[in-house]
Every structure is written in structure tokens, then in C-alpha cells.
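Descriptive structure summary
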Amino acid sequence: MSDPKTPPPLPAAPVTGPGSPRDVPPLPGQFPVDPATLPGAIREELEAPDPVALDTASAELRDGLNRCPKCGATDVRLKLGTDLLVCQYCRHEWHGARVEEAFGLGEGIDQLRGTVIASGARDIDTGAASLMSFKCTGCGAEVTVNTESTMTARCHWCRHVFGVNEQVANGAVPDAVLPFHISKEDAVARIRQFVDKRQLFALKAFKEQFTPENVVGVYLPYMIVDGNASAAVSGKGEIKTREYTRGSGNNRKTYYDADVYQVKRAVDFTVDDLPLESSSERGNLDTRVNTNNIINTILPFDTKNALKWNASYLLGFSSEKRNLDVERMRPRLEDQLLSIARAQVEDSVERYDRGVRWEREQLEVHGTRWVSMYLPVWLYSYHQPGSNGGMLHYIAVNGRTGETMGSVPVQQWKLLLAALTTGTIIESLVLWFLVAGS
């Protein structure tokens, strides 16, 4: 029996800590916060449609065997110089499907909305294994492929050739591949010619160790992006009205008068097949430690001719696996799009003969489509010893066009001597002209 003088218990305090109803996930289809109460940028991100997957997987090749359509043999490889696959048994040749037509990648770019991601470009599962195992249908043996460095392997019992064609979660299998056209012999000749033109200033150790036969054919991972965007830029432009000099002798200076204008431009544009490196190692353009930027100088590739993924195209070549997802590559894409926007409005500001300084830039990306692709490059590398690990030099050959560019380590004293000699000759010529003129 309770004491009538005892006051009633106080109402329980609302539960707000861990495990409270506020921390319980909402039911499917519900949202715990009214999006209208959130800041605009957050609201747009939450309400944006989920990325759309474009399925590019080859169901017919998931068992790892790429069979000749004529005789059924699996020893299939690229016929170099073409986009054809050739059977090594019966010599039958056939052409793979171009992804441009197979998946409509050249269509509807100006209608893109949101983010469309092809199945080979989906986010990488960092915990996914690099080793892929296949059970040989010919003899029952287990065949293992290490996708870190290769995409094909041969059964050591019955000689069947297996390729990783299933789009696995570790990012090793792209949507498309652009096969090699340039042979190794051609690439070696181009690299040798490139170095021969720079022999005079090349480092002695480099010349002694130069062996272009060690060039490697490698498929490098790229994201090929289509985009629909709008941009606005504003700044100040100047038109020169007068040019004059003041002072005399060494104190003589040139001055300019100019009218200054506030300039604004806006442009809607699309990009088709914009290539972005999807390897953080190759995308590292730190010129203090490597010359990765060389790879960009051999662009463009004819990506319109890229073929639906088939590991047989990689037989005899190495490959590098991508390790960047779409979201990590967006900042690089936006930088590229802003550069394109500035180029788009360049013709409209030619009247500002003193130039335009853009002070504010705004970019709106309406939609993008991302496709993962392997592009062919012949690479020759040389490590120059030095402080902080030295410098890694590359000479690269575009595996389709043969475009060649590279970095050759030079002896600095030779460059300095050449500069001083050139300066002395020019100075002597100037003095001679002055004397002759007087």
C-alpha cells in the first residue's frame, strides 16, 4: 500500500541516446528528414537519381573460354595491325563488336542527365581477390589467372587458353579495349629514332644502358567520359588604346594604356569520349619523381573504334588494373570541363587584344556517362639515380597511331655550355650589326 503523502513519480525523460527511436533506421521508402529543410546543395545530392549501370558484360564468355566460331579452338589472339581476332589452329579471322554501336555510346550525349556508369566502371571492391580460378572443361584441371598483371592463362594439361572476361569486382576487367596496331619492331624503331635526335645532350649512363628492345606493350586503364554541361565565366578584358615609352638608355620603359571591360560569357556544350587516367599511379603527374605526363602527349586515341571486352586481345601484352572510382575522378573531370569551356568562349573575346583574366568560373554538369577502357601503349622506362629516389623517365608510343614522345635524361653541363655558346654567338652578331650600321 502506497503512502498517500508520497508524490507521484515524475514522467520519464525522453530517450535521446544510442538506441533511441531517433537512431533507428527509417523504414524502406521513408526519409527521416524533410529534404525541403536542408541546404540546397545537400538536398540536390540526396534527391539526385542513383547512378545508372550500362551492362556491357559478355555472358557468352563467362566460362573464360573464347572459342573460334569455326573450329571451336581456344587459342585465339589479336592479328597485329588490325582489330581482328585470329584462331591459331584454323586461321579463321573475325571482328569483335564495336562498343560505340553495341551500346549506343555515341548517341544522346546532349540528353544526358545524372550519372550513367557502365558495368565495367562500377566501384571497385578493395577486398576482392586478384586471383581468378577456372575449371577447365577439357580436362577438369584448375587454371588460375592473376589479374594484377595478366588477363589470360593456358591450361598446362590440355592447352586450353582461358581469359578473364567476367566483370569482376576488383576493377581488372573494363567495358572495352582498343587493340594494338603498332608492332613491337615499329615501336622500337620509333623510340630509337627519338633518342638518336637527342644523343648530344643525353646522360652518358643512359646512352650506355639504352636498350629499346626492352620496350613493353601495356594496356593502360582509362575512363572514357561523355558529358553534357553548362559553364559561365566572368572577368576583366583589356583593349589597348595607346603604347608609348619613357626614359632613355637603360631606364627606357614601355607603357600601355587600355580600356578595361567587365566580360561575361556562358556556354552549353557536350564532350564526347574524353579520356581520363583511372590509375592513381599514372595519374600522378609529380614531375619531380616521374614523367607520367608523357602519356598525355601521345593522345588522342581513336576510341570510337574500341571493341567489346575480350581478354584474347591482351594475349602477349601486359595490363595495368585501374584503382580509381568515378567519384574520385570527378574533380579531374570538372577541371577538364572548365578548360574546355574556356576554350569554347575564346573566339568571342578576341577583340580584347590585351587579354582576358577570368576571375570567376561556374560549372554545372547536367549528365555524364562513364565507360572503362584499356588503351594500348608501348613503354620504355629508365630510372635515373638521384636524391629522393631519383627520376623515372618514360618514352611512350601510341599503340594505334605511332605518335612518340618521351623524356631523355640530360647532362646539365652540356645544356649550360650550349646556352652560353649560343648567347655569345648572338651577342657577337648584334655587335657586328651595330658596328656595320654605324
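Here, every reference points to the structure presented above.
The present account deals with the structure reproduced in this document. Being a predicted model, the structure only gives us computed values, none of them experimental. (Residues numbered from 1 in each chain as written. Predicted model: local features only at pLDDT ≥ 70, side-chain atom pairs only at ≥ 80, totals over all residues. Heavy atoms only, no water.)

Right, let's get into the overall build of the chain. Looking only at helices and strands, the chain has seven helices and 17 strands in total. Scored against the burial criterion, the 438 residues of the chain give a buried share of 40%. Surface summary for the chain: the accessible area is close to 25,100 Å², and the carbon and sulfur share equals 52%. (Helix = DSSP H or I, 4+ residues; strand = E, 2+ residues; numbered from the N terminus. Buried < 20%, exposed > 50% of the residue type's maximum accessible area, 1.4 Å probe, protein only. Areas by Shrake-Rupley, 256 points an atom, 1.4 Å probe, with all protein chains shown as cover.)

A few words now on the packing of aromatic side chains. Scanning the entire structure with this criterion turns up ten aromatic pairs. Here Trp309 and Tyr374 contribute two aromatic rings whose centre-to-centre distance is 5.7 Å and whose plane-to-plane angle is 70 degrees, an arrangement assigned as edge-to-face. A residue pair is termed long-range when its members are at least 10 positions apart, and Trp309 in the loop between strand 13 (307–308) and strand 14 (318–319) and Tyr374 in strand 15 (residues 356–384) qualify at 65 residues. With relative accessibility at 1%, the residue Tyr374 sits in the buried group. Among the aromatic residues, ring-to-ring pairing joins Phe180, Tyr219, Trp309, Phe317, Tyr374 and Trp378 into one connected group. Here the guanidinium or amino end of Arg242 rests over the ring plane of Tyr244, the centre of that ring lying 4.0 Å away. Sitting above the plane of the Tyr256 ring, Arg354 keeps its charged end 4.6 Å from the centroid. (Phe/Tyr/Trp six-rings, centres within 6.5 Å; stacked < 30°, edge-to-face > 60°. Lys NZ or Arg CZ within 6 Å of the ring centre and 35° of its normal.)

Let us now look at the sheet that holds strand 2 (residues 76–78). Through backbone hydrogen bonds, the strands of a sheet pair up, either in parallel or in antiparallel fashion. Judged by pairing direction, the sheet is antiparallel, and its three strands sit side by side in the order 2-3-4 without closing on themselves. Edge positions in the sheet fall to strand 2 and strand 4 (93–95), since each of these pairs with one other strand and no more. The sheet shows a mean angle of 30 degrees between the axes of neighbouring strands, direction not considered. (Pairing = 2+ DSSP bridges. Axes fitted to C-alpha atoms, helices over the stretch in contact; angles between N-to-C directions.)

In the sheet, strand 11 (residues 216–246) pairs with strand 12 (residues 253–277) via 23 bridges, with the strands oriented antiparallel. Considered in strand 12, the bridge of Ser230 is made with Asp268. Remark: six residues form the turn of the hairpin made by strand 11 and strand 12, two consecutive strands paired antiparallel; Gly247 in that turn has positive phi of roughly 85 degrees.

According to the stated counting rule, one finds 19 salt bridges in the structure shown. Note that Glu100 and Lys304 form a salt bridge whose closest N and O atoms lie 2.9 Å from each other. Taken together, the positions of Glu100 in helix 2 (residues 99–102) and Lys304 in the loop between helix 5 (294–297) and strand 13 put the pair 204 residues apart, joining distant regions of the chain. What makes Lys304 partly exposed here is its relative accessible area of 29%. For the salt bridge of Asp302 with Arg400, the shortest nitrogen-to-oxygen distance reads 2.7 Å. (Salt bridge = Lys/Arg side-chain N within 4 Å of Asp/Glu carboxyl O.)

Once that is clear, we can look at the nonpolar core. Membership of the largest hydrophobic core comes to 47 residues, with the highest contact counts inside it found for Met151, Phe206, Tyr219, Trp309, Tyr313, Leu314 and Trp378. Going through the elements one at a time, strand 2, strand 3 (84–87), strand 7 (142–146), helix 3 (184–196), strand 15 and strand 16 (391–398) are the ones with two or more residues in this core. In this view, Tyr313 contacts Leu78, Asp83, Leu85, Gly96, Val177, Pro179, Tyr219, Leu307 and Lys308; residues no more than four positions away in its chain are not counted. (Core = buried A, V, L, I, M, F, W, Y, C linked by side-chain atoms within 4.5 Å. Contact = heavy atoms within 4.5 Å.)

Our focus in this paragraph is the environment of Asp273. For Asp273, the position within the fold is in strand 12. For Asp273, a relative accessible area of 15% puts it in the buried group. A sequence separation of 30 residues divides Asp273 from Thr303, and the C-alpha atoms of the two residues are 7.0 Å apart. When near neighbours in sequence (up to four residues on either side) are disregarded, Asp273 contacts Glu100, Ile224, Val225, Asp226, Thr303 and Lys304.

The subject of this paragraph is unusual backbone geometry. Here the residue pair Leu299 and Pro300 is connected by a cis peptide bond, since its omega of 10 degrees sits within 30 degrees of zero. Relative to the helices and strands, Pro300 is located in the loop between helix 5 and strand 13. A positive phi angle is found at Arg91, which is not glycine, with a value near 70 degrees. Looking at the secondary structure, you find Arg91 in the loop between strand 3 and strand 4. Phi is positive for Asp273, which is not a glycine, with a value near 60 degrees.

Position of Arg369 among the secondary structure elements: in strand 15. Arg369 gets classed as buried once you look at its relative accessible area, which sits at 10%. Within the structure, Arg369 has its side chain in polar contact with the backbone oxygen of Glu107 (distance 3.1 Å). Excluding residues within four positions of it along the chain, Arg369 makes contact with Gly104, Leu105, Gly106, Glu107, Ile109, Leu112, Val116, Ile224, Val225 and Asp226. (Polar contact = N/O pair within 3.5 Å; in protein donor to acceptor, adjacent residues only side chain to side chain.)

Moving on, we come to helix 6 (residues 326–344). Residues that lie three or four places apart on an α-helix share one face, since the helix turns once every 3.6 residues. Between its first and last C-alpha, helix 6 extends 25 Å over 19 residues, near the 27 Å set by a 1.5 Å rise per residue. Taken as a whole, helix 6 carries its principal kink of about 30 degrees at Arg332. Listing the buried residues of helix 6 in full gives Val326, Met329, Arg330, Leu333, Leu337, Leu338 and Ala341. Packed against the buried residues of helix 6 are strand 5 (114–118), strand 11, strand 12 and strand 15. (Expected span 1.5 Å × (residues − 1). Bend = angle between axes of the 7 residues up to and from the residue.)

Counting through the fold element by element, Lys79 comes out in the loop between strand 2 and strand 3. A sequence separation of 100 residues divides Lys79 from Pro179, and the C-alpha atoms of the two residues are 9.4 Å apart. Non-local contacts of Lys79, meaning those with residues more than four positions away in its chain, are made with Leu84, Val86 and Glu93.

Next up on the list: helix 3. Taking 1.5 Å as the rise per residue, helix 3 with 13 residues should run 18 Å; its terminal C-alpha atoms sit 18 Å apart, in good agreement. Taken residue by residue, helix 3 has Ala187, Val188, Ile191, Phe194 and Val195 as its buried positions. Along the long axis of helix 3, the arc covered by the buried residues comes to 125 degrees, so they all point the same way. Residues of helix 3 that are buried make contact with helix 4 (204–209), strand 15, strand 16 and strand 17 (404–406). (Arc of directions from axis to C-beta.)

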